[in-house]
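So the chains spell out like this:
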Amino acid sequence: MSSCNPSVISQPTLESAAVLSISAELVTNYSRQVTPVYYPNHGGLEVKNATFCNVTVSYTHQQQNDLISVETWLPIDHWNGRLQAAGGSGLGPGRFDLSYGNMAGAIAEGYATTSTDAGIPNPLDPYSWVLDSPGTIDEVLVQHWGGDILNDMAVVAKSVIQDFYGRPPDYSYFNGCSQGGRQGFELAQRHPTAFDGIAASAPAIHWAQWAPAMFWPQMLMNTMGEYPRGCELDLLTTLAVEECDGHDGVLDGIISNPRTCSFDPFAYIGTNFTCLPERESIELSRAAAVIANATWAGPIDSDGNFIWYGVNHGTDLSGDITGTGMAATVCDNGTCRGDPVPLAYQWIQLFVEKDPDYNYTAMTRKDYDDIMRRSGAEYDPIVASSNANLTEFYRAGGKMMTYHGLYDQIIPIQATEKYYDDVRGYVPEVRDFYRFYEVPGLGHCFGNGQPTTLFDALRAWVENGTEPDSLPTTLIDANGKTNNRIICSYPGRAVFRNTEECDDSSKAACFACVV
């Protein structure tokens, strides 16, 4: 192992790019509490007094006037011989707090780890970088954000590891969720030899569809001029769970088989209930039924044709539970207004309309149809990451694993289901290299039921040939009871056996995977 000095790091060989600088900084006594929010596909852990060499390589592409930095952390004392790259989140490709949390977890477990900023200096402020000028996107940065530099990250990290340790990594992995999940899919599709194993969960594939689709219930509320209270949507969610909970064979307050749920919210219009936290007695409005039903069904155009998927029954519509809801509203003194997910209106303003001042609250139904159409036409080639032909990844020996929450309130799970089915059309042996797990009760990426052993299962598959079957999860039911469960490789699902020998739904051993 070399000293932590930039002089020992050679310039990586990058296609059509020139290295501008290489820095190396010895980091000592690094400590951080890493929760599963920051370390998807893993469990949480505490980093204590870690020592590593932080090598940052900055480079530019010819005639693009960009500046991209790849940051690689190299354990000093306990490198496990492996690389684990960290994905991004939201509109951030990497090298910000969420990615650093992922990297911290990797360092604590002995991995060398890496992340790229894709040339975006402030990923948390898209208004600072998406537009080159009013009406014109920064095509270079948008392409980089879309993923055309992801292979550079792998090349740089492996080159730095070779120079620092005197040998390449034995195995290389990519880890991410949401945007990071999409990046993992992008790598499998376009750079099939970059990583041996990819953990890519709740993937934001079909970005140009689901991002503006998040605005669907907000647009409807704006055109209706009616904004249901969050407690109304919460009531309908509770009623849907009560009706459909038992379809999976277990009464636990969680819909584990949402495909069988056909709850009708309109049957409850006029129902009197107490709206919390105001403790006010109100009647369920027709507007609440319309908005809940539309959010579950998903966007349709003005002629009633399918545009995109909706979320499952049981999902947090109001944001009162998870903090993020497609149909969220805020109310003050009895007057309510829409509270859209920022990523939804940012996508519409900056990427589609290319106008940071675009008034999305005045959007008509016809405007929305046009926005959805233009979003896909312009950005699918850049950020769809939905090419199901993984033949080259399969032939290269790559392995990929994915989980996706059935209660995902941001990215509907149906697109991931369809993607897996489409992969099977190209590679009938899909289970030989790709496994996908649907997680009951789980929202977007993290929370109740979040799998914490997926990455370990991926590593065992890559390195030992141990094929993953079911994975363990811990689920807190509606009564606050802890349940040990399993999740099954799609299209399988966990079914409660409920026999004389095994009749406790809190025990994982009482569940079996069935297709």
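Please refer to the structure higher up on the page.
Structural notes, computed from the coordinates.

Analysis parameters
Residues numbered from 1 in each chain as written. Predicted model: local features only at pLDDT ≥ 70, side-chain atom pairs only at ≥ 80, totals over all residues. Heavy atoms only, no water. Axes fitted to C-alpha atoms, helices over the stretch in contact; angles between N-to-C directions. Helix = DSSP H or I, 4+ residues; strand = E, 2+ residues; numbered from the N terminus. Parallel < 35°, antiparallel > 145°, perpendicular 65-115°, else oblique. Contact = heavy atoms within 4.5 Å. Nonpolar A, V, L, I, M, F, W, Y, C, P; charged D, E, K, R; others polar. Disulfide = S-S within 2.5 Å. Phe/Tyr/Trp six-rings, centres within 6.5 Å; stacked < 30°, edge-to-face > 60°. Buried < 20%, exposed > 50% of the residue type's maximum accessible area, 1.4 Å probe, protein only. Lys NZ or Arg CZ within 6 Å of the ring centre and 35° of its normal. Pairing = 2+ DSSP bridges. Salt bridge = Lys/Arg side-chain N within 4 Å of Asp/Glu carboxyl O.

Looking now at the packing of helix α2 (residues 139-148) against helix α10 (residues 365-383). Remark: α2 packs on α10, axes separated minimally by 8 Å, with the N-to-C direction vectors making an angle of 55°. Comparing the axis directions of α2 and α10 gives the class oblique. Two secondary-structure elements touch here, α2 through V142, Q143, W145 and G146 and α10 through Y379, I382 and V383. Broken down by class, the residue content of the contact of α2 with α10 amounts to 5 nonpolar, 2 polar and no charged.

The subject of this paragraph is the state of the cysteines. Under the criterion given, the structure shown has 7 disulfides. The disulfide partner of C177 is C445, and the S-S distance across this bridge is 2.1 Å. Handedness here is read from the sign of the S-S torsion; for C177 and C445, about -110°, the answer is left-handed. Highlighted residues: C177 in strand β8 (residues 171-177) and C445 in the loop between β15 (434-439) and α13 (454-464), separated in sequence by 268 residues.

This brings us to the packing of aromatic side chains. Evaluated as defined, the whole model comprises 34 aromatic pairs. A ring pair is formed by F215 and Y360, whose centres lie 5.7 Å apart and whose planes are at 85°; its orientation type is edge-to-face. Of this pair, F215 sits in the loop between α5 (207-213) and α6 (216-224) while Y360 sits in the loop between α9 (342-352) and α10, placing them 145 residues apart in sequence. Residues F215 and Y360 agree in their burial class; the two are buried. Residues F351 and Y379 carry aromatic rings whose centres are separated by 5.6 Å and whose planes lie at 80° to one another, so their mutual orientation is edge-to-face. Residue F351 is located in helix α9, and its partner Y379 is located in helix α10; the two are separated by 28 residues in the primary sequence. For F351, a relative accessible area of 0% corresponds to the buried category. By relative accessible area, which is 0% here, Y379 ends up buried. Three or more aromatic residues link up through ring pairs in this structure, and these residues are W129, W145, W207, W210, W347, F351 and Y379. Above the plane of the ring of W145 lies R182, whose end atom (NZ or CZ) is 5.7 Å from the centre.

It is worth spelling out the sheet that holds strand β3 (residues 68-75) at this point. The pairing of strands in a sheet happens through backbone hydrogen bonds and is either parallel or antiparallel. Read across the open sheet, the 9 strands follow the order β1-β2-β3-β5-β4-β8-β9-β14-β15; overall the sheet is mixed. Each having just a single partner strand, β1 (17-34) and β15 make up the two edges of the open sheet. Across this sheet, the average inter-strand angle for adjacent strands is 15°, counted without regard to direction. Strand direction decides the pairing type here: β3 and strand β5 (residues 112-116), joined by 4 bridges, are antiparallel.

Attention shifts here to the pattern of salt bridges. Enumeration over the complete set of coordinates arrives at 19 salt bridges. We note a salt bridge from E71 to R95, for which the minimum N-O separation is 2.8 Å. Here R95 lies in the loop between β4 (82-86) and α1 (97-108) and E71 lies in strand β3, a separation of 24 residues in the sequence. Given the relative accessible area of 5%, E71 is considered buried. According to the relative accessible area criterion, R95 is partly exposed, its value standing at 24%. The shortest N-O distance in the salt bridge between R82 and E463 comes to 2.7 Å. Of the two residues, R82 sits in strand β4 while E463 sits in helix α13, which places them 381 residues apart along the sequence. Grouping residues by exposure puts R82 and E463 together as buried. One network of salt bridges, with partners in common, ties together E353, D370, R373 and R374.

Functional significance is not addressed by these values, which are geometric in nature.
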